[in-house]
2 protein chains.
Amino acid sequence: MAKELKDLTKRSENYSQWYNELVVKADLAEQSAVRGCMVIKPYGYAIWEKMQRELDRMFKETGHVNAYFPLLIPKSFLCKEADHVEGFAKECAVVTHYRLKNDPEGRGVVVDPDARLEEELIIRPTSETIIWNTYRNWIKSYRDLPILCNQWANVLRWEMRTRMFLRTAEFLWQEGHTAHATKEEAMEEAVRMLNVYADFAERYMAVPVIKGVKSANERFAGALETYTIEAMMQDGKALQSGTSHFLGQNFAKAFDVKFINKNNELEYVWATSWGVSTRLMGALIMTHSDDNGLVLPPHLAPIQVVIVPIYKSAEQLDEISRKVAPIVEKLRNMGISVKYDNADNKRPGFKFADYELKGVPVRLALGARDLENGTVEVMRRDTLEKHTEPIEGIEERVQKLLEEIQANIYQKALALRESKTITVDTYDEFKEKIEQGGFILAHWDGTPETEEKVKEETKATIRCIPFDGDKTTPGKCMVTGRPSAQRVIFARNY
Amino acid sequence: MAKELKDLTKRSENYSQWYNELVVKADLAEQSAVRGCMVIKPYGYAIWEKMQRELDRMFKETGHVNAYFPLLIPKSFLCKEADHVEGFAKECAVVTHYRLKNDPEGRGVVVDPDARLEEELIIRPTSETIIWNTYRNWIKSYRDLPILCNQWANVLRWEMRTRMFLRTAEFLWQEGHTAHATKEEAMEEAVRMLNVYADFAERYMAVPVIKGVKSANERFAGALETYTIEAMMQDGKALQSGTSHFLGQNFAKAFDVKFINKNNELEYVWATSWGVSTRLMGALIMTHSDDNGLVLPPHLAPIQVVIVPIYKSAEQLDEISRKVAPIVEKLRNMGISVKYDNADNKRPGFKFADYELKGVPVRLALGARDLENGTVEVMRRDTLEKHTEPIEGIEERVQKLLEEIQANIYQKALALRESKTITVDTYDEFKEKIEQGGFILAHWDGTPETEEKVKEETKATIRCIPFDGDKTTPGKCMVTGRPSAQRVIFARNY
């Protein structure tokens, strides 16, 4: 492991390679034998579980319940909403048969041609269609509304270029699907859930995000509006970290879902959907980590504190272990997850490097001299600073330190984003500045054509029209000179 | 809902229909548009979530970690273990293409023939193959062992006859997959996890189970031994509720997974796998429920206590609500999930019937007279008994009552099982008694042929060779008269 760490590519040399290596070396995930699909390893999954737990709690606090809908979607369902099928048809895994059999010519096991499905089934790329087909039977009257369901599930999109966590064929996510009696209520819900995502990203992941609206080009297939949270990675590229969609009555119309409103009139139901996925793992890794490995926010770290004994004899180890036991117990009682690593087959130096690579926020080390002096060595992963301090009262100080690290890495990420966010007025300047990465605030005429031209010429897209952008200073589109109400955020992105 | 309840078929009339109706009427699940796949509705999913939470805790307490492996399995992997593919080939959903396109002849969207996969992919019916292909790279030395991974996932088996929860094409489950350096350790692990399942079934589901070994006919495809917990439903039929498999070195050999042991020799790794699924929901429903609807064990009930106000005016409701508020708060602080149903658009009688149908263990009702007298009406769902008692100290008594209900429904199920378990010595008597349902303890000669004959002639199978059966009284097989070491359990089953 210590050797592996030495081999980690530096961010400055090749950011992309650094990321790919880090995911594997820190034991988060690895490529599987199935094209574009990853194996999420226990350490990576433990982080995802912590994310799930917090998100699930936040969803329930905002009135949502969980349910489960089928993995497979009849092809005809997918086709009922025109934009939706247009958006997903090119990346669908299709089930055509339901049985294998022994090859009559003795060449092993083959697909049984007699077991062909009458209608092909698609592995869900997202579940609007199967869910709205179900909602039709759940909704008769305004009294059945709203429906506020969420689903934790796997989905599959046959992407041509994949990267672990950031873009994989199969990924894990949650998808909320809500049904409402009014347009206003649905729009409020879509914004509410975007706020939940932003809150989660900032308070738990320590990732600052910009909330905004997507342009038409970047909208979800089937949505009237897509809201997004956009984060900036250390290389200045944007990472779309969560989206929430106002779907209007599109899916209600496609699946004929009507209700009797309070005025006794038949009306189509209003919808939202919203999701975050294992992609958040990519955002987490790329925002905070450094050339020594992962840096995890304490609020999501599977191990928040590791304690490493430094000893020369079994007696010394015993003595240290006795000293450490009440500290471990007290930290656990405070709700802090702590690991005491007294493994005998690895040296302290190896352990230090390994826990740095794994991003454990706080490391305590105790040796013979510490026992004599009543001290302990404390190392914080975010700054790599270490110092020796009295062991008395260490638990409360560790608790404070964890919060300090959480706040510090958020501030650091925010400062980086601010330093890499610039305002640009001409397209020439834009073309020059976009090469340096970062977010560029520029005026845009609001047309898909202009956005498309910028994308083709610079590989930058509009990440969002920020909610809290300056709406009082209109300007002129940097490309066409046509009027623009507010600046939008351009960036290259993952 | 009150009307729906009236329509519930009685168990004595048609047990099977009673079950199917109850699943739908109690809002647990419904058929989806996809053949054999169900939608798990929020109320049903809330019970499953509680099951997951407890099981997950128990797995972690026994040293296991969660991970995630791909949904899709290359066909060639499935074929590497001969018994395994033989067991699953006939029920595999096969992905053959990865894209749809617009039909050139204008008939909508069709599968793109140019996007045919080189090798077909199977939707996992279980994950031994993809996981053991992964473990090959994780295991080099005895120091890498044991690996104790669990996965929460969906799986798919294309069953011809499906029933909600009991047998569906897609179902949710957990599958543990462990790797060990020795045979003994693997066998211990398989038994340990069976004990975890039994413990969960009895303490949380209040379902008594018999632990035992499967006969060769009923063994998991690829296992050397399958351990099982078998529960008895109210109609006397058995329901296999969880299995744990000792896989020997079968998958290690199929996927070439070797390790250097402590003697520096290269050896194949030993394996187990074990799983429980949403089938447990079926066991839960069928064990305890009655003609009025669900009966849920308090340890898994999403709502443990419901409080219904009975009032004639808004002032009365206000007064009741003020009285109820501190009770709700205190119950919640005690960790009890409680719902105060003050909905204005439903009458108390309707609410009563609805919560009975949904199996809420304890119902409290408060009316004007109760306010005057300082009393509350308490109804327990298991016995449907109700009585009025002082409101003072109700919280502690409710807590005790919940434990009493939990114990009572377990005892009731156990008594039923004991009353329906008989010992039989002749095949003639067996054929007569099996018609009445229940478990039959009989001697068997240990051959698959005899078991097969009994199955064909009576539809009964050997549910298990019980761990705690009488091993000191050998006998003669009821069919062939050949020697038998101990009695086994025969039953018809779900």
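Located above this text is the structure these notes cover.
Because the structure is a prediction, the values reported are computed rather than measured. (Residues numbered from 1 in each chain as written. Chains lettered and ligands numbered in written order. Predicted model: local features only at pLDDT ≥ 70, side-chain atom pairs only at ≥ 80, totals over all residues. Heavy atoms only, no water.)

Participant: Got a minute to help me understand the environment of A:I310 in this structure?
Facilitator: Residue and element names in this part refer to chain A. With respect to the helices and strands, the residue I310 is situated in the loop between β17 (305-309) and α10 (314-333). For the pair I310 and V34, spaced 276 residues apart in sequence, the C-alpha separation works out to 43 Å. Discounting chain neighbours no more than four positions away, the residues touching I310 are Q316, I320, P348, F352, A365, L366, G367 and A368. (Helix = DSSP H or I, 4+ residues; strand = E, 2+ residues; numbered from the N terminus. Contact = heavy atoms within 4.5 Å.)

Participant: How do you make sense of the packing of helix α3 (residues 42-61) of chain B against helix α7 (residues 183-203) of chain B when you look at a structure like this?
Facilitator: Two measures define how a pair of helices packs: the angle their axes make with one another and the distance between the axes. Residues and elements named next belong to chain B. Interaxial distance between α3 and α7 falls to 11 Å at its minimum, and their mutual angle equals 145 degrees. As for how α3 packs across α7, the hand of that crossing is right-handed. Together, M51, E54, L55, M58 and F59 of α3 and M193, V196, Y197, D199, F200 and R203 of α7 make up the contact between the two elements. Per-class residue counts for the contact of α3 with α7 are eight nonpolar, no polar and three charged. (Axes fitted to C-alpha atoms, helices over the stretch in contact; angles between N-to-C directions. Left-handed = near helix turned anticlockwise from the far one by under 90°. Nonpolar A, V, L, I, M, F, W, Y, C, P; charged D, E, K, R; others polar.)

Participant: When you look at the environment of B:E377 in this model, what are you seeing that I'm missing?
Facilitator: Residues and elements named next belong to chain B. The residue E377 is located in strand β20 (residues 375-380) in this model. Taking the C-alpha atoms as reference points, E377 and V269, separated by 108 residues in sequence, lie 61 Å from one another. Those residues in contact with E377, other than ones at most four positions away along the chain, are R363, L364, A365, D370, K386, H387 and T388.

Participant: What should I look at first to understand the sheet that holds strand β4 (residues 72-74) of chain A in this one?
Facilitator: For sheets, the rule is that strands pair by backbone hydrogen bonds, running either parallel or antiparallel. An order of β4(A)-β8(A)-β5(A)-β5(B)-β8(B)-β4(B) is seen for the six strands of this open sheet, with the pairing classed as antiparallel. Unpaired on one side and paired on the other, β4 of chain A together with β4 (72-74) of chain B mark the two borders of the sheet. Neighbour-to-neighbour, the strand axes of the sheet open up by a mean angle of 45 degrees, direction not taken into account. Inspection of the sheet shows strand β5 (residues 94-97) of chain A paired to strand β8 (residues 116-123) of chain A by three bridges, in the antiparallel sense. (Pairing = 2+ DSSP bridges.)

Participant: Would you mind going over the interface of chain B and chain A with me for this structure?
Facilitator: In many analyses, interface size is given as the accessible surface area lost on bringing the parts together. With 63 residues of chain B at the interface, the matching set in chain A holds 62 residues. In total, chain B and chain A occlude about 4900 Å² of area from one another, counting both sides; carbon and sulfur atoms represent 68% of this. Interface area lost by chain B to chain A is led by B:Y68, B:Y98 and B:L100, which between them contribute 14%. Inspection of the chain B/chain A interface yields two salt bridges. In this structure, B:K60 and A:E49 form a salt bridge, with 2.8 Å as the shortest nitrogen-oxygen distance. Put simply, chain B and chain A have 26 residue pairs in polar contact (both at pLDDT 80 or more) between them. Of all the elements, α3(B) adds the most residues to the side of chain B that touches chain A, at six residues. Partitioned by chemical class, the residues of the side of chain B that touches chain A number 41 nonpolar, eight polar and 14 charged. Sheet topology note: the β5(A)/strand β5 (residues 94-97) of chain B ladder contains three bridges and is antiparallel. Each bridged residue has a counterpart across the sheet, and for A:V95 the counterpart in β5(B) is B:V95. (Buried area = accessible area lost by both parts, 1.4 Å probe. Salt bridge = Lys/Arg side-chain N within 4 Å of Asp/Glu carboxyl O. Polar contact = N/O pair within 3.5 Å; in protein donor to acceptor, adjacent residues only side chain to side chain.)

Participant: How should the packing of aromatic side chains be read in this particular structure?
Facilitator: The geometry of an aromatic ring pair comes down to the distance between the two centres and the angle between the two planes. Residue and element names in this part refer to chain B. The full count for this structure, using the stated rule, is 38 aromatic pairs over all chains. An angle of 35 degrees between the planes, with centres 5.0 Å apart, marks the rings of Y15 and W18 as tilted. Separated by three residues within a single helix, Y15 and W18 lie in helix α2 (residues 15-25), roughly one turn from each other. The exposure class assigned to Y15 is buried, which follows from its relative accessible area of 11%. Taken together, a centroid distance of 6.4 Å and an interplanar angle of 75 degrees make the contact between F59 and Y197 edge-to-face. One end of the pair, F59, is in helix α3; the other, Y197, is in helix α7, and 138 residues separate them in sequence. The pair formed by F59 and Y197 is uniform in burial state, with each residue classed as buried. (Phe/Tyr/Trp six-rings, centres within 6.5 Å; stacked < 30°, edge-to-face > 60°. Buried < 20%, exposed > 50% of the residue type's maximum accessible area, 1.4 Å probe, protein only.)

Participant: Just checking my understanding: could you explain the nonpolar core for this structure?
Facilitator: In this structure, A:I123, B:I123 and B:W132 are the most contacted members of the largest nonpolar core, which totals 85 residues. In this structure, B:W132 is in contact with B:T178, B:A179, B:F251, B:A252, B:F255, B:V257, B:V269, B:W270 and B:A271, ignoring residues within four places of it in sequence. (Core = buried A, V, L, I, M, F, W, Y, C linked by side-chain atoms within 4.5 Å.)

Participant: What should I look at first to understand the pattern of salt bridges in this one?
Facilitator: Where charged atoms from two side chains of opposite charge approach closely, those side chains can pair. All names here are of chain A. Under the counting rule described, the total for this entry stands at 67 salt bridges over all chains. The partner of E120 in a salt bridge is K75, and the shortest N-O contact between them spans 3.7 Å. On the criterion of sequence distance, the pair formed by E120 in strand β8 and K75 in helix α4 (residues 75-78) is long-range, its members being 45 residues apart. Here the two residues E120 and K75 agree in accessibility, since each one is buried. One salt bridge connects K330 with E396, and the closest N-O pair in it is separated by 3.0 Å. Of this pair, K330 sits in helix α10 while E396 sits in helix α13 (residues 394-419), and the two are 66 residues apart along the sequence.

Participant: I tried to follow the side chain of A:E451 on my own but got confused; where do I start?
Facilitator: All names here are of chain A. By secondary structure assignment, the location of E451 is in helix α15 (residues 448-458). We note that E451 is buried and unpaired, the nearest opposite charge coming from R463 at a distance of 6.5 Å. Sequence-distant contacts of E451, that is, excluding residues within four places in its chain, are made with S215, N217, E218, W444, T461 and I462. (Lys, Arg positive; Asp, Glu negative; His and termini not counted.)

Participant: Where do I start with the state of the cysteines in this structure?
Facilitator: A covalent bond between the sulfur atoms of two cysteines is what we call a disulfide. Residues and elements named next belong to chain B. Applying the stated criterion across every chain, the model contains zero disulfides over all chains. In this model C37 remains outside any disulfide bridge; the closest cysteine sulfur is found in C92, 14 Å from its own. C79 supplies the cysteine sulfur nearest to C92, a cysteine that is in no disulfide, at a spacing of 8.6 Å. (Disulfide = S-S within 2.5 Å.)

Participant: Explanation requested: the pairing of strand β9 (residues 147-156) of chain A in the structure shown.
Facilitator: Where a strand is regular, its side chains alternate between the two sheet faces. Residue and element names in this part refer to chain A. With ten of ten residues buried, β9 lies mostly within the body of the structure. The two faces of β9 match: I147, C149, Q151, A153 and V155 on one face and L148, N150, W152, N154 and L156 on the other face are all buried. With two bridges connecting them, strand β3 (residues 65-66) and β9 associate as parallel partners. Along β9, the bridge assignment pairs V65 with C149. Two strands pair when backbone bridges link them, and β9 and strand β10 (residues 170-180) are joined in this way by ten bridges, in the antiparallel orientation.

Participant: I'm lost on the sheet that holds strand β16 (residues 270-277) of chain A in this one. Help?
Facilitator: All names here are of chain A. Ordered by their spatial adjacency, eleven strands build an open sheet running β3-β9-β10-β16-β13-β12-β11-β24-β27-β23-β22, and the pairing between neighbours is mixed. Single-partner strands in this sheet number two, and they are β3 and β22 (421-423). Where helix α3 (residues 42-61) meets the sheet, it contacts β3, β9, β10 and β16, and its direction lies at approximately 160 degrees from that of β9.

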